[in-house]
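# A structural walkthrough
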Amino acid sequence: MKKYFTGFAVLFLLASCGTADVATDSYYSNNTLYSTLWIQTAAEYEALTYQAYNTSVRLLPVALDDSFWTASLEQGESFADLPPAIILDVDETVLDNSYYEARGILDETGYDPDTWNAWVREMEAEAIKGAVELTSQADDMGISVFYITNRSADVQSATEQNLRDEGFPVAEGAVMSNGGRPDWTSAKTERRQLVADDYRVLMLFGDDLNDFVSARGISINQRKQLVEEHRDKWGYKWFVFPNPNYGSWERALYTGDEQTDEERQQSRLDRLETKREN
């Protein structure tokens with residue numbers, strides 16, 4: 001997923017002269033400080049990822065045995081006899097990149113394509129809890145494992161090696177990167193369609209709504225409506241993972257008219273709901 005430093009965590013405001021020295025340090029007020037700490041330290045985060053992957057492991061035999069089971073909206077009508085597959089996003093779904101986020105906080109920088117690609121080439125991202133077990137189980141059952149990622153095709157070899165080093169099954173052609181073909185953009189619909197043309201897609205895994213259904217450039221309410229429309233798939237055929245640091249959810253906060261950091265911050269604050277009468 002393309003990186004965006006976001007407005008999830010609490011911002012410290014200058015309440016008095018006595019707190020000014022602390023509050024002006026940008027890593028104390030960085031928007032991803034609390035969310036990155038949560039990902040790296042909260043046992044609850046690991047429990048959530050185990051919960052999703054353990055559930056999917058138990059459902060794999062059911063999905064495999066039911067020839068009419070598909071998780072893909074792109075699946076054609078005649079899919080019962082196609083070989084089975086699962087599709088997973090990479091970043092924050094199977095690989096944890098919170099270390100890159102932590103560097104940005106401590107270095108007082110934001111997302112940058114060059115530093116991001118340099119991080120990818122280090123191949124130091126670690127497997128998210130439960131992900132190796134799920135993909136290995138699928139591979140053992142003869143289910144093809146595809147990784148549809150918005151990492152650049154320029155760093156695909158590093159992505160593949162990082163996955164292998166962490167114990168993931170990676171077949172030739174299994175990693176489908178942004179820009180890997182001329183029509184492979186950050187929208188993942190075309191790549192999901194390619195898999196669905198040749199495989200019966202049993203399950204989808206991701207940390208962003210766009211990993212499951214096209215949700216680009218739509219409002220918060222429209223995004224929630226999509227979730228409601230597909231409520232029967234969550235935890236059954238679709239498995240979503242928490243990512244409070246970045247994603248299309250954050251872009252939906254803004255009107256598109258913001259020009260400054262202050263205007264973007266005001267848009268974030270305007271989204272807060274308190275249920276106060278005044």
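Residues numbered from 1 in each chain as written. Predicted model: local features only at pLDDT ≥ 70, side-chain atom pairs only at ≥ 80, totals over all residues. Heavy atoms only, no water.

### Things to note about the pattern of salt bridges
Between side chains of opposite charge, pairing is possible as soon as their charged atoms come close. For the record, the criterion: What counts as a salt bridge is simple: a side-chain nitrogen of Lys or Arg found within 4 Å of a carboxyl oxygen of Asp or Glu. Runs of E in the DSSP output that reach at least two residues are strands. Runs of H or I that reach at least four are helices, and both are numbered from the N terminus.
Applying the stated criterion to the full structure yields 8 salt bridges. Of the charged contacts in the structure, one is a salt bridge between glutamate 74 and arginine 192, with a shortest N-O distance of 3.3 Å. Note that glutamate 74 is positioned in the loop between helix H4 (43-65) and strand S1 (84-88) and arginine 192 in helix H9 (residues 189-198), a separation of 118 residues in sequence. Linked by salt bridges that have partners in common, Asp89, Lys188 and Asp211 make up one network.

### Brief notes about the sheet that holds strand S6 (residues 200-206)
How we decide: Strand pairing is assigned whenever DSSP detects at least two bridges linking the two strands. Comment: axis = line fitted to C-alpha atoms, over the contacting stretch for helices; angle = value between 0 and 180 degrees taken between N-to-C directions. Contacts are assigned to residue pairs with any non-hydrogen atoms lying within 4.5 Å of each other.
Across the sheet, which stays open at both edges, the 5 strands sit in the order S5-S4-S1-S6-S7 with parallel pairing between neighbours. Two strands in the sheet have a free side with no partner beyond their single neighbour: strand S5 (175-178) and strand S7 (238-240). Across the sheet, the mean angle from the axis of one strand to that of its neighbour is 20°, orientation sign disregarded. Bridging between strand S4 (residues 144-152) and S5 involves 4 bridges; their strand directions are parallel. Across the sheet, residue threonine 149 finds its bridge partner in S5, namely serine 177. Against the sheet, helix H8 (residues 156-165) touches S4 and S5, its axis set at about 140° to S5.

### Thoughts on the pairing of S1
Note the cut-off: Residue exposure (1.4 Å probe, protein chains only): buried if accessible area is under 20% of the type maximum, exposed if over 50%, otherwise partly exposed.
Among the 5 residues that make up S1, 5 are buried, leaving the element largely enclosed by the rest of the structure. Alternating residues of S1 divide into Pro84, Ile86 and Leu88 and Ala85 and Ile87, and every residue in both groups is buried. Taken together, the 5 bridges between S1 and S6 define a ladder with parallel strand orientation. Residue pairing for S6: leucine 88 is matched across the bridge by phenylalanine 205. Of the pairings in the sheet, the one linking S1 to S4 comprises 4 bridges and is parallel in character. Considered in S4, the bridge of isoleucine 87 is made with phenylalanine 146.

### Digging into the side chain of serine 72
Mapped onto the elements of the fold, serine 72 is located in the loop between H4 and S1. Apart from residues no more than four positions distant in its own chain, serine 72 is found in contact with Ala196 and Val201.

### Examining the nonpolar core
Here is the rule we go by: Throughout this description, the term nonpolar core refers to a set of buried Ala, Val, Leu, Ile, Met, Phe, Trp, Tyr and Cys residues connected via side-chain atoms within 4.5 Å.
With 38 residues, the main nonpolar core has Tyr53, Ile86, Leu88, Val94, Tyr147, Met203 and Phe205 as its most contacted residues. Those elements that place two or more of their residues in this core are H4, S1, helix H6 (113-122), helix H7 (131-140), S4, H8 and S6. Element by element, the count of residues in this core is highest for H4, at 6 residues. The residues touching tyrosine 53, leaving out its near neighbours within four places in the chain, are Leu88, Thr93, Val94, Ile128, Lys129, Gly130, Ala131, Leu134, Phe205 and Phe241.

### So, the environment of arginine 192
Here is the rule: We define a polar contact as two N or O atoms separated by no more than 3.5 Å, with the added condition that, inside protein, one atom must be a possible hydrogen donor and the other a possible acceptor, whereas residues neighbouring each other in sequence contribute only through side-chain atom pairs.
Accessibility expressed as a relative area gives 2% for arginine 192, which makes it buried. Separated by 21 residues in the primary sequence, arginine 192 and valine 213 place their C-alpha atoms 9.8 Å from one another. Excluding its chain neighbours within four sequence positions, the residues that come into contact with arginine 192 are Glu74, Ile87, Ile148, Leu204, Asn210, Asp211, Phe212, Val213 and Ser214. Within polar-contact distance, the side chain of arginine 192 engages the side chain of glutamate 74 at 3.3 Å.

### A word on the confidence of the model for the chain
Keep this limit in mind: Looking at any residue, its pLDDT shows the predictor's confidence there, from 0 to 100.
Considering every residue of the chain, the mean pLDDT works out to 90; 89% of them sit at 70 or more. Below a pLDDT of 50 lies the segment residues 1-29, which in the model reaches 64 contacts outside its immediate sequence neighbourhood of four places, other chains included.

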